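Here is how the chains run, residue by residue.
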Amino acid sequence: MPTRFAIRGEYIQLDQLLKATGLAPSGGAAHAAVEAGLVTVDGQPESRKRAKLRPGQQVDFQGERIELVAQAEE
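None of the values given here were measured: they were computed from a predicted structure. (Residues numbered from 1 in each chain as written. Predicted model: local features only at pLDDT ≥ 70, side-chain atom pairs only at ≥ 80, totals over all residues. Heavy atoms only, no water.)

Any chance you could explain the overall build of the protein here in plain terms?
Assigned secondary structure in the protein consists of two helices and seven strands. Ordering the α and β elements of the protein from the N terminus gives β-β-α-α-β-β-β-β-β. Scaling as 2.2 N^0.38, a compact globule of 74 residues should have a C-alpha radius of gyration of about 11 Å, and the protein matches this with 11 Å. Expressed as lengths along the three principal axes of its C-alpha atoms, the size of the protein is roughly 40 × 20 × 20 Å. Relative to its full complement of 74 residues, the protein shows a buried share of 34%. Taking the intrachain contacts of the protein between residues at least 6 apart in sequence as the baseline, contacts between residues at least 24 apart amount to 49%. For the protein, the computed accessible surface area is about 4700 Å², with 45% contributed by carbon and sulfur atoms. Charge centroids of the protein, computed over 9 positive and 10 negative side chains, lie 5 Å from each other. (Helix = DSSP H or I, 4+ residues; strand = E, 2+ residues; numbered from the N terminus. Rg over C-alpha atoms; globule rule 2.2 N^0.38 Å. Buried < 20%, exposed > 50% of the residue type's maximum accessible area, 1.4 Å probe, protein only. Contact = heavy atoms within 4.5 Å. Areas by Shrake-Rupley, 256 points an atom, 1.4 Å probe, with all protein chains shown as cover. Lys, Arg positive; Asp, Glu negative; His and termini not counted. Charge placed at Lys NZ, Arg CZ, Asp CG, Glu CD.)

In structure tokens form, the structure reads like this:
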């Protein structure tokens, strides 16, 4: 079952998402995972550590899937 993550604003950077979801304990660990080709975005390997991710996209890492959604307006 995918985890849904609400984005505040237009996008979130890939490294920030991995840290915010707890999939990477630090920015360095997030960068290393991306460099090693362990992260996919919408089913394709992603090599840009700071790729801008938007609502509707999916990120897979270490058997976890994160679905990005827009944060509801308050």
